[in-house]
Amino acid sequence: MAERPTTTVCVQNAHTGAGCTSRIFATPLIRRIARERGIDLATIRGSGAAGRVVRKDVEPS
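Treat the numbers as computed from the prediction; the structure is a model and nothing was measured.

Conventions and cut-offs
Residues numbered from 1 in each chain as written. Predicted model: local features only at pLDDT ≥ 70, side-chain atom pairs only at ≥ 80, totals over all residues. Heavy atoms only, no water. Core = buried A, V, L, I, M, F, W, Y, C linked by side-chain atoms within 4.5 Å. Buried < 20%, exposed > 50% of the residue type's maximum accessible area, 1.4 Å probe, protein only. Helix = DSSP H or I, 4+ residues; strand = E, 2+ residues; numbered from the N terminus. Contact = heavy atoms within 4.5 Å. Salt bridge = Lys/Arg side-chain N within 4 Å of Asp/Glu carboxyl O.

S.K.: Just checking my understanding: could you explain the nonpolar core for this structure?
M.R.: Note that soluble globular proteins tend to have their nonpolar side chains buried in a common cluster. The biggest cluster of nonpolar side chains holds 10 residues, and these are Ile-24, Ala-26, Ile-30, Ile-33, Ala-34, Leu-41, Ala-42, Ile-44, Val-53 and Val-58. In terms of residue count, helix H1 (residues 28–37) provides more of this core than any other element does, 3 residues in total. Ignoring sequence-local partners within four residues, the contact set of Ala-34 consists of Ile-39, Leu-41 and Val-58.

Encoded structure:
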């Protein structure tokens, strides 16, 4: 299986003060829609809270 590229999202952990993890914030539904449409979520800047990829980011206008 090919390795998926990810974007780096820096979020400071309130408990430890540590941060910077590679994670794409998207629900399983959004991941499925993106996969079906051939959209690489790593190339999208999410418009939802905390940069979350939401439906309007992956569906045509």
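S.K.: What's the story with the pattern of salt bridges in this structure? I'm lost.
M.R.: Opposite charge on two side chains makes pairing possible when the charged atoms of those side chains draw close. Under the definition given, this model contains 2 salt bridges. In this structure, the salt-bridge partner of Arg-32 is Glu-36, at a minimum N-O distance of 3.3 Å. Of this pair, Arg-32 and Glu-36 are both found in helix H1, 4 residues apart, which corresponds to roughly one turn of the helix. Between Glu-59 and Arg-55 there is a salt bridge, with its nearest N and O atoms 3.0 Å apart. For Arg-55, a relative accessible area of 43% gives the class partly exposed.

S.K.: Just checking my understanding: could you explain the environment of Gly-38 for this structure?
M.R.: Secondary-structure assignment places Gly-38 in the loop between H1 and helix H2 (55–58). Placed 20 residues apart in sequence, Gly-38 and Val-58 show a C-alpha to C-alpha distance of 9.9 Å.

S.K.: When you look at unusual backbone geometry in this model, what are you seeing that I'm missing?
M.R.: Glycine aside, negative phi is the norm for most residues, and most peptide bonds take the trans geometry. One non-glycine residue, Ala-50, lies in the positive phi region at around 60°. Structurally, Ala-50 can be placed in the loop between H1 and H2. On the accessibility criterion, Ala-50 (69% relative accessible area) is exposed.

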